[in-house]
Amino acid sequence: MNTLPQQLANGLLLGSMYGLIAIGYTMVYGIVQLINFAHGEIFMTGAFGAFTVYFYILPDGTAMAIAVPLMLIGGGLVAILIAVGAERFAYRPLRGAPRLAPLITAIGLSLALQEVVRNFYPGADRAIAFPGLDTTHDIGSVTIKDADIFLILAAVVCMSALAFFVRKSRTGRAMQATAQDPDTAQLMGIDTNRIIVIAFAIGGFFAAVAAVAYGLKYGNIDYRMGFLMGLKAFTAAVLGGIGNIYGAMLGGIVLGIAETLASAYIDGIPGMEQLGGQSWANVWAFCLLILVLLVRPQGLLGERVADRA
C-alpha cells in the first residue's frame, strides 16, 4: 500500500494522455458518426512534427522552455493538416456512403500514414530519441517529472479551453447544433462542412499535445506508436461514452488508473502471479471495457449523440 499514491499518480498521468487523444475520436463521432481509426496515426505524425522542429529547425542548445511551445506549434500544425486533409479528401466524399466504407477507408489511411513515415522519414524505422524533461520532484510519497507536470497542465488547459469554447462561443454552439441535427443546422445557416473541419482540427491539435507529452515523458517516438495509443484512446472514448467530450477524458483517466493498478498489484494476488506486470496491462484494460459495456453499454457518462429523424 505504500506505493498506492505513486501508482494512482501514474495512472492519472497515463489516463490524461489517453483522454487527450480520445477527445479527437469522440468529437468526430459526435458530429459525423464516424470512427476515425486513423486518429492514432495523426497522434504519431504530431510527434514527428514536434521532433522535426526540435532537431532540424531550432538551433542546438535551445532551452526547453522555448523549445516546448515551438514543438507544440510544429506538431500541432502537422497533425491539424493531416486531420483536415483526411476529412477533405478521404472522408467527405464518403459522407453519404454506407458506414462500412469510411470505416475501411480510415483503417487504410492509418496503415498508409504508418508506411509513409516509416519509408520517408529519416530513421523512422526504429525508435528515435526525443528530448525529455527528466527533472524529478517529490510530493510526499509521489515522485513526478517535469514531463508529468507538463502533461497534467496541458490536459487541464486543453479541457478547460474546449469546455469554454463549446459552451460559450458561437462556433461551439454551432458544433452542438450540427451534432444534434446537421440537416436542420444547415437550414439555419450553419456551414456544417466548416464545423466538421473544425472538429477534426481540434482533435488533431489535442492529439499533437498528447504526442509531445508522450515524447517528453518516455524519451522516444517511433512510427508504430499511434496504433496502440490510438486503440487505447478509442477504448477510453467508448468507456466514457462515445460522443461525450467529458466522458472521453473521464474514460481515459479510469482506463489509465485501472491499467496501472492492474499491472502493479494483480501479481500479488494468490494464484494470479502470472497475470500481473506490464505485459498483462493491455489485457486488463480491455477486460475493464468489456465489463463496463456489459453493465452500462452507453458508457460512464452516456453517449451524447442525438437521435436523428
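Residues numbered from 1 in each chain as written. Predicted model: local features only at pLDDT ≥ 70, side-chain atom pairs only at ≥ 80, totals over all residues. Heavy atoms only, no water.

## Let's talk about a positive patch on the surface
Item 1. On the surface, Arg167, Lys168, Arg170 and Arg173 cluster together into a patch of positive charge.
Item 2. Breaking the positive patch down by element, the ones donating at least two residues are α5 (146-168) and α6 (170-180).
Item 3. Counting through the fold element by element, Arg173 comes out in helix α6. (Patch = residues over 30% accessible without salt bridge, like charges linked within 9 Å, V, L, I, M, F, W, Y side chains within 5 Å. Areas by Shrake-Rupley, 256 points an atom, 1.4 Å probe, with all protein chains shown as cover. Salt bridge = Lys/Arg side-chain N within 4 Å of Asp/Glu carboxyl O. Lys, Arg positive; Asp, Glu negative; His and termini not counted. Charge placed at Lys NZ, Arg CZ, Asp CG, Glu CD. Helix = DSSP H or I, 4+ residues; strand = E, 2+ residues; numbered from the N terminus.)

## Some remarks on the packing of α5 against helix α8 (residues 192-218)
In a packed pair of helices, the relevant descriptors are the angle between the two axes and the axis-to-axis distance.
Item 1. Packing of α5 against α8 brings their axes to within 8 Å, and their N-to-C directions diverge by 170°. With respect to α8, the element α5 is oriented roughly antiparallel. Note on packing geometry: the crossing formed by α5 with α8 is left-handed. Facing Ala147, Asp148, Phe150, Leu151, Ala154, Cys158, Leu162 and Phe165 of α5, the residues of α8 in contact are Ile198, Ile202, Phe206, Val209, Val212, Ala213, Leu216 and Lys217. (Axes fitted to C-alpha atoms, helices over the stretch in contact; angles between N-to-C directions. Parallel < 35°, antiparallel > 145°, perpendicular 65-115°, else oblique. Left-handed = near helix turned anticlockwise from the far one by under 90°. Contact = heavy atoms within 4.5 Å.)

## Here we look at the nonpolar core
Item 1. Leu20, Phe43 and Leu216 are the most contacted members of the largest nonpolar core, which has 92 residues in total.
Item 2. Examining the composition of this core, we find that 16 residues originate from one element, α8, more than from any other.
Item 3. Setting aside anything within four residues of it in sequence, one finds Leu216 in contact with Met64, Val68, Phe130, Pro131, Gly132, Leu133, Asp134, Ala147 and Phe150. (Core = buried A, V, L, I, M, F, W, Y, C linked by side-chain atoms within 4.5 Å. Buried < 20%, exposed > 50% of the residue type's maximum accessible area, 1.4 Å probe, protein only.)

## Observations concerning the side chain of Ser110
Item 1. Following the sequence through the fold, Ser110 ends up in helix α4 (residues 100-120).
Item 2. Beyond its immediate chain neighbours, meaning those up to four positions away, Ser110 contacts Phe37, Ala38 and Glu41.

## Digging into α4
Item 1. Over its 21 residues, α4 extends 30 Å from the first C-alpha to the last, a length consistent with the 30 Å expected when each residue adds 1.5 Å.
Item 2. Within α4 the residues assigned to the buried category are Pro102, Ala106, Ser110, Leu113, Gln114 and Val117. End-on, the buried residues of α4 take up no more than an arc of 125°, which puts them together on one face. For α4, exposure combined with an orientation more than 90 degrees from the buried face picks out Leu100, Ile104, Leu111 and Phe120. (Expected span 1.5 Å × (residues − 1). Arc of directions from axis to C-beta.)

## Section: the pattern of salt bridges
A side chain with one charge can pair with a side chain of the opposite charge if their charged atoms come near.
Item 1. The final tally for this structure, using the stated rule, is 8 salt bridges.
Item 2. A salt bridge links Arg95 to Glu87; the nearest nitrogen and oxygen atoms lie 2.5 Å apart.
Item 3. One salt bridge in this structure joins Lys217 and Asp148, with 2.6 Å as the shortest N-O distance. Residue Lys217 is located in helix α8, and its partner Asp148 is located in helix α5; the two are separated by 69 residues in the primary sequence. For the residue pair Lys217 and Asp148, the accessibility class agrees, reading buried in each case.
Item 4. When salt bridges that share partners are traced, they join Glu87, Arg92 and Arg95 into one network.

## What to know about the packing of helix α1 (residues 4-32) against helix α2 (residues 39-57)
Item 1. The N-to-C vectors of α1 and α2 enclose an angle of 135°; their axes lie 10 Å apart at closest approach. Comparing their axes, α2 and α1 come out oblique. Taken as a pair, α1 and α2 cross one another with a handedness that is right-handed. Every residue of α2 that contacts α1 at Ile21, Gly24 and Tyr25 is listed here: His39, Gly40 and Phe43.
Item 2. For the contact of α1 with α2, the class distribution of residues is 3 nonpolar, 3 polar and no charged. (Nonpolar A, V, L, I, M, F, W, Y, C, P; charged D, E, K, R; others polar.)

## Considering a nonpolar patch on the surface
Item 1. A grouping of Ile66, Leu70, Ile73 and Leu77 is seen on the molecular surface, where their side chains present a nonpolar patch of about 370 Å² in accessible area.
Item 2. Relative to the assigned elements, Ile66 resides in helix α3 (residues 64-91).

## Side note on the confidence of the model for the protein chain
Item 1. For the protein chain, the average pLDDT comes to 90, and 94% of its residues sit at 70 or higher.
Item 2. Confidence drops under a pLDDT of 50 for residues 305-309, and excluding neighbours within four residues, the segment shows 14 contacts in the predicted structure. (pLDDT = per-residue confidence, 0-100.)

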